[in-house]
Amino acid sequence: MRASRLGRHISGAEGLFLDKESLARVSREYLRRALSHPKGTPDSITITLESLSGSAKTISSLPLVTVRCSSTREAKAHIIAMLKHLRISEDVIDAALKIANDKRVMRGAALLGCLSGKRLDPDTERGVRVSRLGIGAQAGKSLSAGLARLGINRIAVTEALVLASKVAGHPAIVAELCVSDDPDYTTGYVASREFGYVRIPFIKRKGQSIGGRVFFVNENADADGIIRYLERKPVIIDKISGVFGVADVEDVIRNTNR
Ligand code: WAQ
Ligand code: MG
């Protein structure tokens, strides 16, 4: 689904559903979402349904943890600490923070070379939209139960974890940074195979109409191959890794929170 107003992106969603019966329910749910978005009423909504060609790849979710954080200043320090550990250069982190906190919200994500900070996606106004991703029924139930225990069983968390897990499933992608473009959703995340899906409260101030996503990719990686995987390869989460509560950033970095 994608919804826009005067050409400006308002809302998007995608999923993989294995039974026909889900299609009516999901289309209705996506339509409801498009029409009730805090960013305003769209003047155009597109819902596309396609059958899959080829089989889906099944993967585990990234482990989830929330880093202890109580201000946007601290959030920025955590982001820099984690990304530096992943050998992403400081200039590139700076560039990524600008993209993720931009008022001109893209529909997709920016692909940045880890060292050069070069944009590797062809349309820098749109970015790359990850699609053909979903979660199996059993894994979905198990994730909901884990999130409910922490009081964070929200659709935004599930969808972001599924997306981040697919993204981290590509060996040339080192990390992801995400800030929601919903003015009132102030928790973002950094995701990587190394640290898992690390939720960051207070990544932005309430009421700000900014947001964005950045995927950090190995320098000299095959950008076309990565984009093909992100947009086209069907990936389903069929196993849930750990779902953890709050941990200090040092423990997240040392992997001692689990
Ligand atoms: N593929 C690529 N980029 C995307 C996609 C996608 N499928 N969906 C969204 N984006 C980009 C796009 O630039 C949006 O402006 C930006 O990400 C933010 O999207 O655990 O709600 O849908 O509590 O607003 C994080 C949850 C929620 C954290 C993120 O993102 C948590 C969220 P939004
Ligand atoms: Mg949004």
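Residues numbered from 1 in each chain as written. Chains lettered and ligands numbered in written order. Predicted model: local features only at pLDDT ≥ 70, side-chain atom pairs only at ≥ 80, totals over all residues. Heavy atoms only, no water.

A. Highlighting the coordination of the magnesium ion (ligand 2). Taken together, the protein ligands of the magnesium ion (ligand 2) are Asp181 (OD) and Asp182 (OD), with distances of 2.2 to 2.4 Å. Taking the relative accessible area as the measure of exposure, Asp181 reaches 16% and is therefore buried. Judged by its relative accessible area of 22%, Asp182 is partly exposed. (Donors = N, O, S within 2.8 Å, 3.2 Å for Na, K, Ca; no water. Buried < 20%, exposed > 50% of the residue type's maximum accessible area, 1.4 Å probe, protein only.)

B. Region of interest: unusual backbone geometry. Located in the positive-phi region is Arg132, a residue other than glycine, with phi close to 55 degrees. Along the chain, Arg132 falls in the loop between strand 6 (110-113) and strand 7 (133-135). On the accessibility criterion, Arg132 (15% relative accessible area) is buried. Phi at Phe202 takes a positive value of approximately 60 degrees, unusual for a residue other than glycine. By the secondary structure assignment, Phe202 is in the loop between strand 10 (196-200) and strand 11 (212-217). (Helix = DSSP H or I, 4+ residues; strand = E, 2+ residues; numbered from the N terminus.)

C. Representation of the site of ligand 1. For ligand 1, the set of nearby residues contains 25 residues, the closest of which are Gly108, Val130, Asp181, Tyr185 and Tyr197. Gly108 has a polar backbone atom sitting 2.7 Å from an oxygen atom of ligand 1. Within the side chain of Tyr185, an N or O atom sits 2.6 Å from an oxygen atom of ligand 1. Protein chains bury 92% of the 700 Å² of accessible surface belonging to ligand 1 in isolation. When contributions to the shell around ligand 1 are tallied by element, the ones reaching two or more residues are helix 5 (155-168), strand 8 (173-179), strand 10 and strand 11. (Near = heavy atom within 4 Å. Polar contact = N/O pair within 3.5 Å; in protein donor to acceptor, adjacent residues only side chain to side chain. Areas by Shrake-Rupley, 256 points an atom, 1.4 Å probe, with all protein chains shown as cover.)

D. Local environment of the sheet that holds strand 12 (residues 235-239). Reading across from one edge, 4-12-7 is the order of the three strands in this open sheet, with parallel pairing throughout. Here the strands that pair on one side only, and so sit at the sheet edges, are strand 4 (57-60) and strand 7. Averaged over all neighbouring strand pairs, the angle between strand axes comes to 35 degrees, with direction disregarded. As judged from the three bridges shared by strand 7 and strand 12, these two strands associate in the parallel manner. Across the sheet, residue Leu133 finds its bridge partner in strand 12, namely Val235. Packing of helix 4 (residues 137-149) onto the sheet brings it into contact with strand 7 and strand 12, and relative to strand 7 it is tilted by some 70 degrees. Sitting on the sheet, helix 5 touches strand 4, strand 7 and strand 12, and the angle it makes with strand 7 is about 120 degrees. (Pairing = 2+ DSSP bridges. Axes fitted to C-alpha atoms, helices over the stretch in contact; angles between N-to-C directions. Contact = heavy atoms within 4.5 Å.)

E. Looking closely at the packing of aromatic side chains. In the structure shown here, the tally under the stated rule is one aromatic pair. Taking 4.5 Å as the distance between ring centres and 35 degrees as the angle between the ring planes, the aromatic pair formed by Tyr189 and Tyr197 counts as tilted. Residues Tyr189 and Tyr197 agree in their burial class; the two are buried. Here the basic side chain of Lys166 rests over the ring of Tyr229, its NZ or CZ set 5.3 Å away from the ring centre. (Phe/Tyr/Trp six-rings, centres within 6.5 Å; stacked < 30°, edge-to-face > 60°. Lys NZ or Arg CZ within 6 Å of the ring centre and 35° of its normal.)

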